[in-house]
Amino acid sequence: MGSLRLAGLTKSFGRTEIIKGIDLSVANGEFVVFVGPSGCGKSTLLRMIAGLEDVTTGSVTLDGQDITNVAPAKRGIAMVFQTYALYPHLTVRDNMGLALRQAGVSRAETGAAVDQASTLLDLNPYLDRRPAELSGGQRQRVAIGRAIVRTPKLFLFDEPLSNLDAALRVATRIEIARLHRELGATMIYVTHDQVEAMTLADRIVVMRAGVVEQVGPPMQLYNDPSNTFVAGFIGSPRMNFLKGRALGEQSSIMGVRPEHLSITFSGSAISGSVSHVEALGGETLVYVHTEPHGLLTVRLFGEHHFSVGQAVGLTPDPARVFRFDAEGRRLR
Amino acid sequence: MAARSHPGRALAAHAVLIVYTLIALFPVWIIVINSVKSRRAIFGAPLALPTPATWDPVGYTTVLENGDVIGYFLNSAIVTIVSLAMVLLFGAMAAFALSEYRFRGNTLMGLYLALGIMIPIRLGTVAILQMMVAAGLVNTLTALILVYTAQGLPLAVFILSEFMRNVSDDLKNAGRMDGLSEYAIFFRLVLPLVRPAMATVAVFTMIPIWNDLWFPLILAPSEETKTITLGSQVFIGQFVTNWNAVLAALALAILPVLVLYLIFSRQLIRGITAGAVK
Ligand SMILES: Nc1ncnc2c1ncn2[C@@H]1O[C@H](COP(=O)(O)OP(=O)(O)O)[C@@H](O)[C@H]1O
Ligand SMILES: [Mg+2]
């Protein structure tokens, strides 16, 4: 229950094509994260799956049934919105129960479903409050609860954490991972934050400008990116891109992650000077200005001391270097 | 924020507002105090407060005895309230369609509906009269209600569609996911959220309708359909004007519109201050 298939999905607003042909299968119980920069069409794609946006061409299939033209409420899909979108005039209880009541479920059954979801989310003390009387984190939990109550085949999340502060974001992220384990439901989660993508996903779908760049488990994208876009988007801090020709390489672009670059004082392939240091305690980020590669980031574990302007050499871990052609495609 | 907390500026702002309020209220004040004075006192000292010597409610007794003032009031009330309800309902529905749905000619339709703001409806008086004669609606309140609905709609559509564009798409989409119909989304989610705008539109629509003399005079001058503004004119003669009665009628005419205004302005404030709307 809950396998989704997108086939040749496109979407145009007027003459601009926003989604440019997406094919994707999501297995039952899988947690898939759509990730990509703002404006690449993640929300539009999610709304098309939900039925809130007409599909220009292509089809959406859920559990083998074509739902391309089925009304949103009849698809067995629940959605959690970025802005929570709680009904301001209803109590938490009624917010969570509305969908079932609309579907004709009895008051008693709805009440039981709401109680179960509110227990799961620790919302019991707030059931009779209005959304205006809740904090941001509580509102987000109500929005999640409203989705759970419907026991949908598929959950959709559209950047659910982006309006929360950093601490709450981590807590809610863990909460969502726990819910996924406990409910075993299929979830599709949209974010522009690669940390959320890496930590939550079974599989990540990296999008750029309406097309899918690469699909795979987080570690596969990290260890085996198929182009410079994916390589640069997955992993934090961002991968360094060096000019291959200047290093006597065949490939025009060489990618090295900050954690695979070490600072050396003899026999270094690259030389430069320290331009900035960020000490985070557990790790130290050293920004080194080099010619002709520009600013490179080095990630060192533990505490290290460098002074700005200090001359240093850099050596990449040869086993961890990615080679790309001039168009950014991976050379294997 | 810094500007607002500055005491000098706050004082200046209040001074300006108080002066404006005094200027705006002055004619109303003159009408009300003179309506209970004798004719001599009205002309002798128009700015003076009524004293026991100058006290004379003859204006009110004349008004209440003469003609069918209660009937005129009722006509005004029916016309104003029904027109207002129609303007709000149809204006809000049109605004929702324009702001929510993408369809061919959406922008053009919006411009067409807003055009009425710039063109005074009185320019069409002759055509309207011909239409009403043809439809057999002359000397009915229906004629007035239709004209006033048409008169109020452009501004209502314009203001309300601006506000409705600001209602969160996520909220409407959440409603759709939960199985609410488009009507339910309109009436249960969107309308409560634009209530302050509705109150504003109501006030701006209501006052010109209540005060209008032109269309009642042309479309419905019969004794049974006279509105209070038209009805009060009987006291203004070509040669003699019964000032007591005119002032009393005007003072009475202020009351209902004041009550409606108070109702809407309370709605307005409640809509702004409370996050919960129900
Ligand atoms: N209703 C719409 N009409 C026209 N363009 C739209 C509409 N909705 C979204 N877009 C455009 O589609 C693109 C993708 O938007 P969106 O899916 O919200 O991106 P993301 O969620 O990845 O940030 C944006 O360039 C946006 O301007
Ligand atoms: Mg988005």
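Quick caveat, the model's predicted, so the values are computed rather than measured.

Lining the immediate environment of ligand 1, one finds Phe13, Ile18, Ser38, Gly39, Cys40, Gly41, Lys42, Ser43, Thr44 and Arg47 of chain A together with Arg102 of chain B. More than one chain reaches ligand 1: the nearby residues come from chains A and B. Measuring from a nitrogen atom of ligand 1, one finds a side-chain N or O atom of arginine 102 of chain B at 3.0 Å. If ligand 1 stood free it would expose 570 Å²; the protein chains cover 62% of that surface. Along the lines of polarity and charge, the residues of the shell around ligand 1 split into three nonpolar, five polar and three charged.

All names here are of chain A. Split by domain assignment, chain A resolves into domain 1 (4-230) and domain 2 (240-331). Each partner contributes to the interface: domain 1 provides eight residues, whereas domain 2 provides 11 residues. A combined buried area of about 740 Å² lies between domain 1 and domain 2, and 49% of that area is made up of carbon and sulfur atoms. Contact with domain 2 buries area across many residues of domain 1, yet Tyr222, Pro225 and Thr228 alone supply 68% of it, more than any other trio.

Following the UniProt record, the feature "transmembrane region" (unreviewed entry) maps to residues 12-33, 72-98, 110-135, 141-164, 185-210 and 245-264 of chain B here. With 96% helix and 0% strand, residues 185-210 of chain B has end C-alpha atoms that lie 32 Å from one another.

Each partner contributes to the interface: chain B provides 19 residues, whereas chain A provides 27 residues. Roughly 1900 Å² is buried in total at the junction of chain B and chain A, and carbon and sulfur atoms are behind 62% of that figure. Three residues stand out in chain B for area buried against chain A, namely Asp170, Met177 and Asp178 of chain B, and they jointly supply 37% of the buried area on that side. Where chain B meets chain A, there are two salt bridges. The salt bridge partner of arginine 102 of chain B is glutamate 53 of chain A, with a shortest N-O separation of 2.6 Å. Connecting chain B to chain A are seven residue pairs in polar contact (both at pLDDT 80 or more). Looking at the side of chain B that touches chain A, the elements with two or more residues in it are helix 9 (169-177) and helix 10 (182-193) of chain B. For the side of chain B that touches chain A, the residue count by class is eight nonpolar, five polar and six charged.

What counts and how
Residues numbered from 1 in each chain as written. Chains lettered and ligands numbered in written order. Predicted model: local features only at pLDDT ≥ 70, side-chain atom pairs only at ≥ 80, totals over all residues. Heavy atoms only, no water. Near = heavy atom within 4 Å. Polar contact = N/O pair within 3.5 Å; in protein donor to acceptor, adjacent residues only side chain to side chain. Areas by Shrake-Rupley, 256 points an atom, 1.4 Å probe, with all protein chains shown as cover. Nonpolar A, V, L, I, M, F, W, Y, C, P; charged D, E, K, R; others polar. Domains from an automatic or database assignment. Contact = heavy atoms within 4.5 Å. Buried area = accessible area lost by both parts, 1.4 Å probe. UniProt positions renumbered as here; feature names shortened; annotations may be inferred. Helix = DSSP H or I, 4+ residues; strand = E, 2+ residues; numbered from the N terminus. Salt bridge = Lys/Arg side-chain N within 4 Å of Asp/Glu carboxyl O.

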